[in-house]
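# Observations on chain architecture
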Amino acid sequence: MLAIRVSEGPPRAPSADAEWIENRPSRRWLPRVDVQELWSFRELGLFLALRDLKLRYRQTFFGVAWAVLQPLAGVAVFSIVFGQLATVPSDGIPYPVFVFAGLVIWTYVANAVELAAQSLVQHQEMVTKIYFPRVLAPVAAALPGLLDLAISLVFVAVFMAAYGVAPGTALIFLPVAIAGATAVAIGVGLWLAALNVQYRDVRHALSFVVQVWFFATPIVYSSSVLKGGWQYVFAANPMVGVIDTFRWALVSGPSPGAEDLISLAAAALLLVGGLTYFQRVERLFADVV
Amino acid sequence: MPNRVIEAQKLSKRYRLGVSAEPYGTLRGALTAAFRPRTRVSGGGSEVWALHDVDLEVDEGEVLGIIGRNGAGKSTLLKLLARITEPTSGLVRHRGRVGALLEVGTGFHPELTGRENVYLNGAILGMRRAEVRRKFDEIVAFSGIEPFIDTPVKRYSTGMHMRLAFAIAAHVEPEILVVDEVLAVGDVDFQRKCIGRMGDVAKEGRTVLFVSHNTAAIESLCDRVCWLDRGRIAEDGLAGEVITRYLRSVIATRTERMWDDPTEAPGNEWIRLRRAAVRPIEEERIAVNTPFVLDFEYENLRPGTFLNLSLHLYTRDGILVFNAVPVREDRWYGRPFPAGRFRDRCYIPADLLNNGGYRVELLVVKDKSEIIYQDSQILTFDVHDVAAGSGTYEGEWSGVIRPHLAWRTDHLG
């Protein structure tokens, strides 16, 4: 006998054993990631990310070229100022290639953090009217930038070819560096998105904080300039590890050292801390936003 | 054994009033508060319980109406059910997908095309992409905006925007449908669509929660009504009974006035008013299909005066509905009044006035021409709505009056 499954038809009322969906005061202190729930909302996350992506360059003249123009302008400026005038050491890599590699990954993180910080406030209408795992908003905001990063990487490759820089076998660690960058962006994004709901100071402080963070990160200079134990303090900035790994993988920079483990720990702490804080205040979002 | 789909146990939600007054704090405030010795915030006037110890159980297929004044906690209850916000204490849980018509157009982005918004909004409302794809043509046809489906929504008129948004929401097919008419925006036509859609869902045996100020709409669609009052359930039971008691409690209108002390009574050297009232004749309340009486008692102080009352009935918007003068009254009209107490009653038939608020202006006239007393707001009252036919609700009727008219249709060939 042939069993034919009829997939169409109106949804049936829940059977007696359908699962209860509860809403009660949360008492948890530790972050809890409900993977099953996130999975069931994956399409919403995807659509939110896609929407950002579609909207980003709509009605712009240069379109997606902006993804590259932003870091390229930086490359031009920094190559003249630090490469030519101040001659900052760049680990033996031609300065434009050196700074371009740092800038593309930094641009991704900085933009992702800014978008994530605004995500809940921007989706105010959704937050106050429908339920979705709130974490989706900052996470979805941090993902579309990866496409920009991919486009930029093509241009980095062109630069590398022009300056005769070839990646080594460490290239296989490039995804690791990008994953690290994403983790940092989401970690910081979670903190700022949650803070921004309650304190709009975030919006004003953000550009300044990002600027300070830029100079605290070895983008226009190399982390190898720090010696005598200071590099361990310096590496508390998780972006240090991200940039070091990224440059090592892409443009054969010096391999990451022990201090980069501190960066890794800092990134993990930031992410777990961000998730904890986010979930602590999550229940207030709809009342406060 | 009925299948329970919604359950609330001691559900409570507290809002801090300061929070709503000042939508978001400043970091400075939080920092100074952090460094100050912690003082306990007493639960005085700064907090309000939007819901307090609410117990509620809803079975599959029930159509539950929720009534209550503004701020009674109706919307908070729905928000808690939908998990938009967390309760302060207690628990609410449900089984199956909750869909709400109050979410119409949530997440619409003006820069995206109609097509893109259908998918995005569908996802926001909990539809799978495959589901949206399957219903896409139907949604677009229902909205009636096919030619513009690939145009950015920002170029849509408000009406087109609404139609598309509603078309999506109407195709979600939730197991539990929540309609908050208080929050539903849009024109009468749109609201009628919402209510029509709700009726369909109810007929399919799905569960519906309907929040409205319109008790007639609730009465015609719901079997059971839950009356919320200041965050608590005041009553929960059969629709007709609960609504009747609810309406009796919210009467804020001037339907009866008495002046026992003649020296305090309004009037002048000619007359003194002693009582004014508007009341239904048999029913509990005045509705479009019940007759009612305007009742006045007054004292004539000058024997031999030719008196008559003249009434003007205005709608709340100030439209004069009619002027009533006792020209057909055959006992006293046109005769001299001796001194003493008189009573005039003006009978208003059923099926004359439309529902709404009304105001009565009283004039006391001497010699059929000279106004000797006037009170432009002697009484105010409401005429309540009733469904036009059983089991149907047509929305608001237009017009000041709502007469029952003879009507006949003939098939002529």
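None of the values given here were measured: they were computed from a predicted structure.

## Observations concerning the overall build of chain B
Within chain B, the secondary structure is distributed over nine helices and 18 strands. The buried share among the 413 residues of chain B stands at 48%. Sequence-distant contacts in chain B: of pairs separated by 6 or more residues, those separated by 24 or more amount to 71%. Here chain B has roughly 20800 Å² of accessible surface; of this, 51% comes from carbon and sulfur atoms.

## A short note on the packing of helix α11 (residues 238-251) of chain A against helix α12 (residues 259-281) of chain A
Describing two packed helices takes the angle between their axes plus the distance from one axis to the other. All names here are of chain A. For the pair α11 and α12, interaxial distance at closest approach is 7 Å and the crossing angle is 125 degrees. Classified by the angle their axes make, α11 and α12 are oblique. Note on packing geometry: the crossing formed by α11 with α12 is left-handed. In this structure, α11 contributes Pro-238, Val-240, Gly-241 and Asp-244 to the contact, and α12 contributes Asp-260, Ser-263, Ala-266, Ala-267 and Leu-270. Residue composition of the contact of α11 with α12, by class: five nonpolar, two polar and two charged.

## Considering the confidence of the model for chain B
Residue and element names in this part refer to chain B. Overall, the predicted model of chain B reaches an average pLDDT of 83, with 85% of residues at or above 70. Considering only residues more than four positions removed or in separate chains, one finds that residues 19-24, a stretch of pLDDT under 50, has seven contacts. With pLDDT under 50 throughout, residues 37-45 is counted as low confidence; its partners more than four residues away or in other chains account for two contacts. For this predicted complex, the interface score ipTM comes out at 0.76, alongside a pTM of 0.71.

## Examining the interface of chain B and chain A
Listed as interface residues are 53 residues of chain B and, on the opposing side, 49 residues of chain A. For the pair chain B and chain A, the summed buried surface comes to about 4800 Å²; carbon and sulfur atoms form 55% of the total. By the criterion of area lost to chain A, the three top residues of chain B are Arg-83, Glu-86 and Arg-95 of chain B, representing 16% of everything that side buries. Taken together, chain B and chain A are joined by five salt bridges. The residue Asp-287 of chain A makes a salt bridge to Lys-13 of chain B at a minimum N-O spacing of 2.8 Å.

## Overview of the side chain of Arg-51 of chain A
By the element assignment, Arg-51 of chain A lies in helix α2 (residues 42-56). Comment: no salt bridge for buried Arg-51 of chain A; closest opposite-charge side chain is Asp-52 of chain A, at 4.3 Å. Engagement of the side chain of Arg-51 of chain A in a polar contact is seen with the side chain of His-123 of chain A, the distance being 2.6 Å. Residues in contact with Arg-51 of chain A, not counting those within four places in the same chain, are Gln-122 and His-123 of chain A together with Gly-107, His-109, Leu-112 and Leu-120 of chain B.

## What to know about the sheet that holds strand β3 (residues 63-67) of chain B
All names here are of chain B. Read across the open sheet, the six strands follow the order β5-β6-β7-β3-β8-β9; overall the sheet is mixed. Two strands bound the open sheet, and with one partner strand each, they are β5 (98-100) and β9 (232-238). On average, each strand axis in the sheet is tilted by 20 degrees relative to the strand beside it, whichever way the strands run.

## With respect to the sheet that holds strand β2 (residues 47-59) of chain B
Pairing in this open sheet of four strands is antiparallel, and the strands run β1(A)-β4(B)-β1(B)-β2(B) from one edge to the other. Looking along the sheet, the strands with just one partner apiece sit at the ends: β1 (20-23) of chain A together with β2 of chain B. Across the sheet, the axes of successive neighbouring strands diverge by a mean angle of 20 degrees, strand direction being ignored. Sheet topology note: the β1 of chain A/strand β4 (residues 89-95) of chain B ladder contains four bridges and is antiparallel.

## Overview of the packing of helix α8 (residues 174-198) of chain A against α12 of chain A
All names here are of chain A. Taken N-terminus to C-terminus, the directions of α8 and α12 make an angle of 30 degrees; their axes are 8 Å apart at the nearest point. With respect to their mutual orientation, α8 and α12 come out roughly parallel. The two elements α8 and α12 meet at a crossing, and its hand is left-handed. Here α8 contributes Ala-183, Val-184, Ile-186, Gly-187, Val-188, Leu-190, Trp-191, Ala-193, Ala-194, Leu-195 and Gln-198 to the contact with α12, which in turn contributes Ala-267, Leu-270, Leu-271, Gly-273, Gly-274, Leu-275, Tyr-277, Phe-278 and Val-281.

## As for the packing of aromatic side chains
Two aromatic rings, taken as a pair, are described by how far apart their centres are and by the angle between their planes. For the structure on display, the rule yields 23 aromatic pairs over all chains. The interplanar angle of 90 degrees and the centroid separation of 4.9 Å between the aromatic rings of Phe-214 of chain A and Phe-215 of chain A together place this pair among those described as edge-to-face. An angle of 25 degrees between the planes, with centres 5.8 Å apart, marks the rings of Tyr-358 of chain B and Phe-381 of chain B as stacked. Residue Tyr-358 of chain B is located in strand β17 (residues 356-366), and its partner Phe-381 of chain B is located in strand β18 (residues 370-383); the two are separated by 23 residues in the primary sequence. There is no split in this pair, since Tyr-358 of chain B and Phe-381 of chain B are both buried. Between Arg-134 of chain A and the ring centre of Phe-132 of chain A, over which it is positioned, the NZ or CZ distance is 4.9 Å.

## Remarks on the pattern of salt bridges
In the structure shown here, the tally under the stated rule is 33 salt bridges over all chains. A salt bridge links Glu-22 of chain A to Arg-24 of chain A; its shortest N-O distance comes to 3.2 Å. Bridged by salt links that share partners, the residues Glu-22 and Arg-24 of chain A together with Arg-4, Glu-7, Glu-57, Asp-59 and Arg-93 of chain B form one connected network.

## Side note on unusual backbone geometry
Its identity is not glycine, yet Asp-91 of chain A carries a phi of approximately 55 degrees, on the positive side. Looking at the secondary structure, you find Asp-91 of chain A in the loop between α3 (66-85) and α4 (95-122). In this structure Asp-91 of chain A comes out as partly exposed when scored by relative accessible area, which is 31%. Unusually for a residue other than glycine, Arg-83 of chain B sits at a positive phi of about 65 degrees. One can find Arg-83 of chain B in the loop between α3 (74-81) and β4.

## So, empty space enclosed by the protein
The gaps left among the atoms become clear once a water-sized probe is rolled over them. All names here are of chain A. Within the structure shown, the criterion is met by six cavities of 30 Å³ or more. For the largest cavity, the calculated volume is near 90 Å³. Taken together, 13 residues line the largest cavity, and the ones lying closest to its centre are Ala-67, Thr-107, Tyr-108, Asn-111 and Asp-148. Residue assignment for the lining of the largest cavity shows that the elements contributing at least two residues are α3, α4 and α7 (145-163). Its residues assigned to classes, the lining of the largest cavity shows six nonpolar, five polar and two charged.

## Structural notes on the nonpolar core
Among the nonpolar cores identified, the biggest contains 105 residues, and Leu-44, Val-109, Phe-132, Phe-246 and Leu-250 of chain A are the most heavily contacted of them. With 17 residues, α4 of chain A is the largest single contributor of residues to this core. In contact with Phe-132 of chain A, not counting residues within four places along its chain, are Phe-41, Leu-44, Met-126, Val-127 and Ala-137 of chain A. Of all hydrophobic cores here, the second largest spans 32 residues; its members include Trp-270, Leu-294, Leu-309 and Ala-324 of chain B.

## Points about the confidence of the model for chain A
Residue and element names in this part refer to chain A. Residues at a pLDDT of 70 or more form 93% of chain A, whose mean pLDDT is 85. Of all helices and strands in chain A, the one with the weakest mean pLDDT is helix α13 (residues 285-288) (82), whereas α8 scores best (94). Throughout residues 1-14 the model reports pLDDT below 50, and contacts reaching past four residues in sequence, or to other chains, amount to 13 contacts.

## Re a nonpolar patch on the surface
Taken together, Phe-61, Phe-62, Trp-66 and Leu-69 of chain A make up a surface patch of nonpolar side chains, about 470 Å² in accessible area. The residue Phe-62 of chain A is located in the loop between α2 and α3 in this model.

## Quick look at the environment of Val-209 of chain A
All names here are of chain A. On the secondary structure map, Val-209 appears in helix α9 (residues 201-215). Residue classification places Val-209 among the partly exposed positions, given a relative accessible area of 44%. A C-alpha to C-alpha distance of 34 Å links Val-209 and Gly-168, two positions 41 residues apart in sequence.

Here is what the cut-offs are and how they apply
Counting starts from 1 at the beginning of each chain's written sequence and moves along it residue by residue. Key to labels: chains lettered from A, ligands numbered from 1, both in the order written. Confidence filtering applies because this is a predicted model: local features only for residues at pLDDT of at least 70, side-chain atom pairs given and counted only at 80 or more, and all residues used for totals across whole chains, interfaces and linings. Where side-chain values are given, they derive from all heavy atoms of the structure, hydrogens and water being excluded. For the purposes of this entry, the term helix denotes a DSSP run of H or I that reaches at least four residues, the term strand denotes a run of E that reaches at least two, and both are numbered from the N terminus. Partly exposed describes any residue whose relative accessible area lies between the buried limit of under 20% and the exposed limit of over 50%, with all areas from a 1.4 Å probe on protein chains only and scaled to the type maximum. We call two residues in contact whenever any of their non-hydrogen atoms come within 4.5 Å of each other. Method for areas: the Shrake-Rupley scheme with a 1.4 Å probe, in which residue coverage is limited to the protein chains shown. To obtain an axis, a line is fitted to C-alpha atoms, over the contacting stretch when the element is a helix, and the angle between two such axes runs from 0 to 180 degrees between their N-to-C directions. An angle below 35 degrees is treated as roughly parallel, one above 145 as roughly antiparallel, one from 65 to 115 as roughly perpendicular, and anything else as oblique. The crossing is said to be left-handed when, going from far helix to near helix, the turn is anticlockwise and less than a right angle, and right-handed when the turn is clockwise. Under the scheme applied, nonpolar residues are Ala, Val, Leu, Ile, Met, Phe, Trp, Tyr, Cys and Pro; charged residues are Asp, Glu, Lys and Arg; polar residues are all the others, including Gly. Confidence scores labelled pLDDT are given residue by residue by the predictor and lie between 0 and 100. What gets called buried area is simply the loss in accessible area from a 1.4 Å probe that two parts show on being joined, summed for both. Salt bridges are defined by distance alone: a side-chain nitrogen of Lys or Arg within 4 Å of a carboxyl oxygen of Asp or Glu. We treat Lys and Arg as the positive residues and Asp and Glu as the negative residues; His and chain ends play no part in the count. Polar contacts, as used here, are pairs of N or O atoms within 3.5 Å; protein pairs need one atom able to donate a hydrogen and one able to accept it. Residues neighboring in sequence count only if both atoms are side-chain atoms. Pairing between two strands is assigned when DSSP locates at least 2 bridges connecting them. Working definition: rings of Phe, Tyr and Trp (its six-membered ring) pair if their centres are within 6.5 Å, and the pair is stacked with planes under 30 degrees apart, edge-to-face with planes over 60 apart, and tilted otherwise. In this scheme, Lys NZ or Arg CZ marks a charge over a ring once it lies within 6 Å of the ring centre and within 35 degrees of the ring normal. Residues are said to line a cavity or pocket when one of their atoms sits within 4 Å of a point; the points come from a 1 Å grid over protein atoms alone, cavities being sets where a 1.4 Å probe fits but cannot get out and pockets being open sets with protein on both sides within 12 Å along at least five of seven lines. Grid points are joined across faces, edges and corners, and a volume is the space filled by probe spheres set on the points. In these notes, a set of buried Ala, Val, Leu, Ile, Met, Phe, Trp, Tyr and Cys residues joined through side-chain atoms within 4.5 Å is what counts as a nonpolar core. Residues with no salt bridge and a relative accessible area higher than 30% make up the patches, which join like charges within 9 Å and nonpolar side chains (Val, Leu, Ile, Met, Phe, Trp, Tyr) within 5 Å.

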